[in-house]
Amino acid sequence: MKRIARLLAAALLAFPGMALAQSTLRVVMHSDLKILDPIWTTAFIVRNHGYMIYDTLFALDGDLKVQPEMVEHYDVSPDKLVWTFALRDGLKFSDGSPVTSEDVVTSLKRWAARDPLGQILWSKLGKAEAVDAKTFRLTLKEKTGIVLQALAKPSGNPFIMPKRVAETDPYKQIEDYTGSGPFMLKRDESKPGDKTVYVRNPYYKPRQEPASGMAGGKVAKVDRVEWVAIPDQQTAVNALLAGEIDMIEAPQHDLYKLLEADKNVKLEVLNKWGNQYIFRYNQLFKPFDNPKIRQALLYAFNQKDFLDAVIGDPKYYQVCKAMFVCDTPYATTAGFDDKYGGNIAKAKELLKEGGYDGTPVVLLHSTDLYVLTNMAPVAKAAMERIGMKVDMQSMDWQTLVSRRARKDPPDKGGWNALITSTGGVDSLDPLTYSFIAANCDKAWFGWPCDEEITKLRQAFADETDEAKRKEIVEKIQLRAAEYPTHAFLGQYMTATALRRNVTGAVVSPVPVFWNIEKK
């Protein structure tokens, strides 16, 4: 081995232009990437992109415990009002400039303007300040138990950007993608509909601990990652079997058997916490401005119909009437025991009580994201079964993501309803679960506005006693049954398909590409 190394070194000296072969990981993600600002949207593909090029202050480990990432250590005053954080030594952005506490504070402010949990934290905040280049401080007006929870949330995490970038209006997309994470975006080689290219960030300094969930050492072990756009699932699977790509983030469930039959391919469930399906109402316009009509769909929908249409194999799905995910600390079916069973008679009764007048429902339908493609047709059939008119409009997922932010009337480019999914770890309590937020213009797309739900979420944030927190969760669900912000349509899990020469994939609620090796 030493002789080979000497020969290689001699070759590099003799031929200065010679370079070592780069390791490239070619991956098909669940969706094409078109939006590059992780604060702009909650779409998972944009969140995943965020973790490629940005780092975070804290993160959840494999046991969902909060661990420091960019933070070296922190102190909390005896009265729990003053939180002081020190950054790790040697942190740099991908342009080589140092990460400072001013970058952090500015990034936090931009994040808090858009993120529901960030908004709650900021409402408790008296002051956020940079103490010195490596130290920042959050001074609260009143105690809250959500500081670390907010800074470590898996989706909607406050990614750290340079101050000059984070000063961008939170309602305007950034144009500078200088990052703080293990990879860098090669924008000159990236093109929507073709591929997104990342290369190793030479300035990134990982933690020393082993990778665990979203936490630990984020060591980039491949030189280059390409997210290849192959919208057709069968084509993507054929490419994986042929060795043309290395990984498919979320292949269709009905293709699992084909993948399992190939000795060069393996299936791994990397997100053991799964996902939850969401039907979202737009409450700005008829007919879903009326809670009775929203209630009608809670009875009309049958979770099993949706899960069978997309997932198929009960091994990978679960009918669940607990809003905050079954088999978790805050799981309860309060308010929903009699719903999601396809009770057409009850749904028609509520539709009549709500005075439904035949207003067409513009239902957005994603065509290129297989875990959603069959969902809208099932919803359309159920809605028509109870007498609603449905205008299902089909589009690719990134177009849907852009359109859902519009508040125009449905007949002028807006919408009435859409279906999406959210991660199980993003649904564990009323604070991380953005779909229950009902704070009007600051709420997730659909903009529900309910003072009672908002007060209950705030009470949950303020409460530290777990028994009382569970009581508040029940009250929130009971109110959500009366004033629905959304319908939840069951839980499912997916497996990731990899070539067998790809190792080290981290079990995590978010697909991450540190620690992965290609042999």
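Residues numbered from 1 in each chain as written. Predicted model: local features only at pLDDT ≥ 70, side-chain atom pairs only at ≥ 80, totals over all residues. Heavy atoms only, no water.

(A) Up close: the pairing of strand β4 (residues 71-76). Direction of pairing for β4 relative to strand β5 (residues 82-87): antiparallel, over a ladder of 5 bridges. Residue Asp75 lies in a different strand from β5, and its bridge partner there is Thr84. In textbook terms, the turn of a hairpin is the stretch between consecutive antiparallel strands, and for β4 and β5 this stretch comprises 5 residues, one of which, Lys80, has a positive phi near 65°. (Pairing = 2+ DSSP bridges. Helix = DSSP H or I, 4+ residues; strand = E, 2+ residues; numbered from the N terminus.)

(B) Representation of the packing of helix α3 (residues 101-112) against helix α4 (residues 116-123) within the structure. Between α3 and α4, whose axes approach to 8 Å, the crossing angle comes to 115°. It follows that α3 is roughly perpendicular to α4 by the angle criterion. Residue-level inspection shows Leu108, Lys109, Trp111 and Ala112 of α3 in contact with α4, the latter providing Gly118, Gln119, Leu121 and Trp122. (Axes fitted to C-alpha atoms, helices over the stretch in contact; angles between N-to-C directions. Parallel < 35°, antiparallel > 145°, perpendicular 65-115°, else oblique. Contact = heavy atoms within 4.5 Å.)

(C) Representation of unusual backbone geometry within the structure. For the bond running from Lys286 to Pro287, omega is 0°, close enough to zero to count as cis. If you trace the backbone, Pro287 turns up in the loop between β13 (275-281) and α9 (291-300). Of note in this structure, Val325 is not a glycine but carries a positive phi near 75°. In this fold, Val325 is placed in the loop between β14 (317-318) and α11 (344-353). By relative accessible area, which is 6% here, Val325 ends up buried. Phi is positive for Tyr340, close to 60°, though the residue is something other than glycine. In this structure, Tyr340 sits in the loop between β14 and α11. For Tyr340, a relative accessible area of 2% corresponds to the buried category. (Buried < 20%, exposed > 50% of the residue type's maximum accessible area, 1.4 Å probe, protein only.)

(D) Quick peek at the state of the cysteines. In the structure shown here, the tally under the stated rule is 2 disulfides. The disulfide bridge from Cys440 ends at Cys449, spanning 1.9 Å between sulfur atoms. Between Cys440 and Cys449 the disulfide shows an S-S torsion of about 60°. By sign, it is right-handed. Given a relative accessible area of 28%, Cys440 falls into the partly exposed group. For Cys449, a relative accessible area of 42% translates into the label partly exposed. In the protein, the bonded cysteines, taken in the order they occur along the sequence, pair up as 1-2, 3-4. (Disulfide = S-S within 2.5 Å.)

(E) Looking closely at the confidence of the model for the protein. Looking at the protein as a whole, the pLDDT averages 93, with 96% of positions reaching at least 70. The low-confidence segment residues 1-20 (pLDDT under 50) makes 4 contacts with residues lying over four places distant or belonging to another chain. (pLDDT = per-residue confidence, 0-100.)

(F) Region of interest: the sheet that holds strand β17 (residues 417-423). The strand order across the open sheet formed by 6 strands is β14-β18-β13-β17-β15-β16, and the pairing between neighbours is mixed. Whereas interior strands pair on both sides, the edge strands pair on one side only; in this sheet they are β14 and β16 (390-395). As paired strands, β14 and strand β18 (residues 486-492) are joined by 2 bridges and run antiparallel to one another. Bridged to Tyr317 within β18 is Tyr492. Here helix α13 (residues 375-385) sits on the sheet in contact with β13, β15 (361-366), β16, β17 and β18, set at roughly 155° to β15.

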